[in-house]
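# Structural description and commentary
The chain contents come next:
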Amino acid sequence: MTVRTRFAPSPTGYLHIGGARTALFNFLFARRHKGAYLLRIEDTDRERSTKEAVDQILESLEWLGLTPDEPPVFQASREARHAEIAHALLAMGKAYRCWATPEELAQMREQAAAEGRPPRYDRRWRDREPGPEQEGKPFAIRIKAPLEGETVVQDLVQGEVRVRNSELDDMIILRSDGTPTYLHAVVVDDHDMEITHVIRGDDHLTNTFRQCMVYDAMGWRRPHFAHIPLIHGADGAKLSKRHGAVSVLDFRDQGYLPEAVCNYLLRLGWGHGDEEVVPRERAIELFDLKDVGRAPSRMDYAKLTHLNGIYLRQADDARLTRAVLETLARRGVLFGTDGAKRVAMLMPDLKERARTIEELAGSAAFAAHEGPPVMDAKALALLTPEAKARLADLAEFLADAPWEKADLEHWLRDYAEVKQVKLKDVAQPLRVALSGSTTSPPINAVLWALGRDESLLRINAAAA
Ligand code: GLU
């Protein structure tokens, strides 16, 4: 059996972080078993589904590196097939036509409420033949729920779950307007897509029993089910915007790396010993549904940021430079080819200190733009008359310095020694003059990246 999984988002909004984790688990499970990972866009809710949401979902998955192995299936395009199966069930006697009117259904609900029962269709058409008054009237198709026994599902995460069949209802599979219901469409699609493992949020667990009715009635083999716990906020409430970023693209825009987001999502509710850094290849090697926990996970932004810093330090410098330059351009920082080159030269040092691309861009801005940097308050406070005099002296001294990273370090050490000052009292005024801030990469690296002319220009400007 070739493993086939699917991620099945409804395009009614952006892809949120919980959905991303579901996609990731489907992807990893398929890869682990050398199977296929598919995408189905569940766009049957015409009113709420939008093209923008579809595009956002595709863009998010691409950013996460979770693009499907086959072109996406659009559920709405398969309505004829859903109807065909509903009619097949009807022909097999596993489903029946129902002419109950909206008024009748409302009455059933009211009566159930009055008797303190859950609202349920009373099966009035299950064994009844239509009369002349039903002639030409539209009807819904309902499935015949099993009346006795139990439905048992061996969920790969939740363990054995069961329901008494008396609690199942004769759900509608095809509405009187000919459109399929969602629970029916999902089963037909999963069957036709030859899905072997349905891995999804545990909010769908109760749907599973009703979906089993369709599988069983058609004589189709049920897939394996795995219902994974949802992601909550740090306070245990359902994750929402007030906790922080929730949409995948927000994480991208806030400067997270996709591999860090995936690693974080993986570790949220899945574990292999105490391995925290689990890059994709390793995750594919290790991923097993039996290691997914059953308790809801809590989103911890600080932990994600920490993990992002780890990935940032391992990331390719050219890639980070591109991302930083894009961010700076978005922020309206003006820079030319020199500026871009300087950022690239400083990247190995800059990335040691940052935890996100946003932070990285913040610390790189001084190198990108031309001319003296904008000073922050702390930097300004350091520019005492004494520091300015020191800078003027340094400008002269540096005019003849050899402009190589290591040489510059020695040059500054020599200066401090000759002048009998602490290296810090040389480096800090320089740092302020060059970067406009009291923190920066090592000062010799900053000098080297800025180049002699730009460095001297900035030092002289600060000394003036
Ligand atoms: N479309 C459903 C959702 O977005 C998923 C259904 C499923 O995975 O079976 O929650």
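Residues numbered from 1 in each chain as written. Predicted model: local features only at pLDDT ≥ 70, side-chain atom pairs only at ≥ 80, totals over all residues. Heavy atoms only, no water.

## Digging into the site of the ligand
Quick note on the threshold: Only heavy atoms are used to decide nearness, and a residue is near a molecule or strand if one of them lies within 4 Å of it. Polar contacts, as counted here, are pairs of nitrogen or oxygen atoms within 3.5 Å of one another; within protein the pair requires one atom able to donate a hydrogen and one able to accept it, and residues that are adjacent in sequence qualify only if both atoms are side-chain atoms. Computed with the Shrake-Rupley method and a 1.4 Å probe, the accessible areas treat only the protein chains shown as cover for residues. Amino acid classes used here: Ala, Val, Leu, Ile, Met, Phe, Trp, Tyr, Cys and Pro are nonpolar; Asp, Glu, Lys and Arg are charged; the rest, including Gly, are polar.
Every residue near the ligand is listed here: R6, A8, P9, S10, E42, Y182, V186, R200 and H204. Taking A8, its main chain carries an N or O atom lying 2.7 Å from a nitrogen atom of the ligand. Contacts to the ligand include E42, whose side-chain N or O atom sits 2.6 Å from a nitrogen atom. Considered on its own, the ligand offers 300 Å² of accessible surface; in the complex 80% of this is hidden by protein. For the shell around the ligand, the class distribution of residues is 4 nonpolar, 2 polar and 3 charged.

## Things to note about the packing of aromatic side chains
Keep this limit in mind: Paired rings are identified among Phe, Tyr and Trp, the last through its six-membered ring, by centres lying within 6.5 Å, and are further divided according to the angle between planes into stacked (under 30 degrees), edge-to-face (over 60) and tilted (the rest). Each helix is a run of H or I in the DSSP string that is no shorter than four residues. Each strand is a run of E no shorter than two, and both are numbered from the N terminus. Whether a charge lies above a ring is judged from NZ of Lys or CZ of Arg, which has to be within 6 Å of the ring centre and within 35 degrees of the ring normal.
Evaluated as defined, the whole model comprises 9 aromatic pairs. Ring centres of F251 and Y301 lie 6.2 Å apart, and the angle between their planes is 5°; on these two criteria the pair is classed as stacked. Here F251, found in helix α7 (residues 248-253), pairs with Y301, found in helix α10 (residues 301-314); they are 50 residues apart in sequence, far enough to count as distant. Aromatic rings pair up to connect F25, W270 and F287 into one cluster. Taking the ring centre of W125 as reference, the NZ or CZ of R128 above it sits at 3.9 Å.

## Quick notes on the UniProt feature "short sequence motif: 'HIGH' region" (unreviewed entry) in the protein chain
The condition that has to hold: UniProt positions are given in the numbering used here, feature names are shortened, and annotations may be inferred rather than shown by experiment.
Here, UniProt's "short sequence motif: 'HIGH' region" (unreviewed entry) annotation points to residues 9-19. When the span residues 9-19 is considered, its composition is 27% helix and 0% strand, and the gap between its end C-alpha atoms is 7 Å.

## Description of the environment of R126
How we decide: By the convention used here, residues are in contact when the closest approach between their heavy atoms is within 4.5 Å.
By secondary structure assignment, the location of R126 is in the loop between α4 (102-114) and β5 (140-143). A sequence separation of 29 residues divides R126 from R97, and the C-alpha atoms of the two residues are 7.7 Å apart. Sequence-distant contacts of R126, defined by excluding residues within four places in its chain, comprise Y96, K144, A145, L147 and D170. Only 3.0 Å separates the side chain of R126 from the side chain of D170, close enough to count as a polar contact.

## Things to note about the environment of K144
With respect to the helices and strands, the residue K144 is situated in the loop between β5 and β6 (150-155). Between the C-alpha atoms of K144 and D177, which are 33 residues apart in sequence, the distance is 20 Å. Not counting chain neighbours up to four residues away, the residues in contact with K144 comprise G93, K94, A95, Y96, R126 and D170. Within the local environment of K144, its side chain forms a polar contact with the backbone oxygen of G93, the two atoms lying 3.0 Å apart.

## Observations regarding the nonpolar core
How we decide: Only buried Ala, Val, Leu, Ile, Met, Phe, Trp, Tyr and Cys residues count toward a nonpolar core, and they belong to the same one when joined by side-chain atoms within 4.5 Å. Burial here depends on accessible area, computed with a 1.4 Å probe over protein chains only, as a share of the maximum for the residue type. Under 20% is buried, over 50% is exposed, and the range in between is partly exposed.
Judged by nonpolar contacts, the single largest core of 100 residues is most densely connected at L398 and L430. By residue number, the principal contributor to this core is helix α1 (residues 17-32), which donates 9 residues. Counting residues in hydrophobic clusters, the runner-up holds 33 residues, among them A95, V153, L168 and W220.

## Things to note about helix α3 (residues 79-91)
To keep it simple, the criterion reads: Residue count minus one, scaled by 1.5 Å, sets the expected span of a helix. Directions drawn from the helix axis to the C-beta atoms are what define this arc.
Taking 1.5 Å as the rise per residue, α3 with 13 residues should run 18 Å; its terminal C-alpha atoms sit 18 Å apart, in good agreement. Of all the positions in α3, only H82, A83, I85, A86 and L89 are classed as buried. Down the axis, α3 shows its buried residues gathered within 160° of arc, on one side only. Residues of α3 that are exposed and point over 90 degrees away from its buried face: A80 and A91.

## A word on the packing of helix α15 (residues 385-398) against helix α16 (residues 405-419)
Short version of the rule: Only C-alpha atoms enter the line fits that serve as axes; for helices the fit covers just the stretch in contact. Angles between N-to-C directions range over 0 to 180 degrees. Roughly parallel refers to an angle under 35 degrees, roughly antiparallel to one over 145, roughly perpendicular to one between 65 and 115, and oblique to any angle outside these ranges. The sense of a crossing depends on the near helix, which, turned anticlockwise from the far helix by less than a right angle, makes the crossing left-handed and, turned clockwise, makes it right-handed.
In the contact formed by α15 and α16, the axes pass within 12 Å of each other and the chain directions differ by 125°. The angle between α15 and α16 falls in the class oblique. Every pair of crossing elements has a handedness; the one defined by α15 and α16 is right-handed. Packed against α15, whose contacting residues are R390, D393, L394, F397 and L398, the element α16 presents L408, W411, L412, Y415 and K419 at the interface. Classifying every residue of the contact of α15 with α16 gives 7 nonpolar, no polar and 3 charged.

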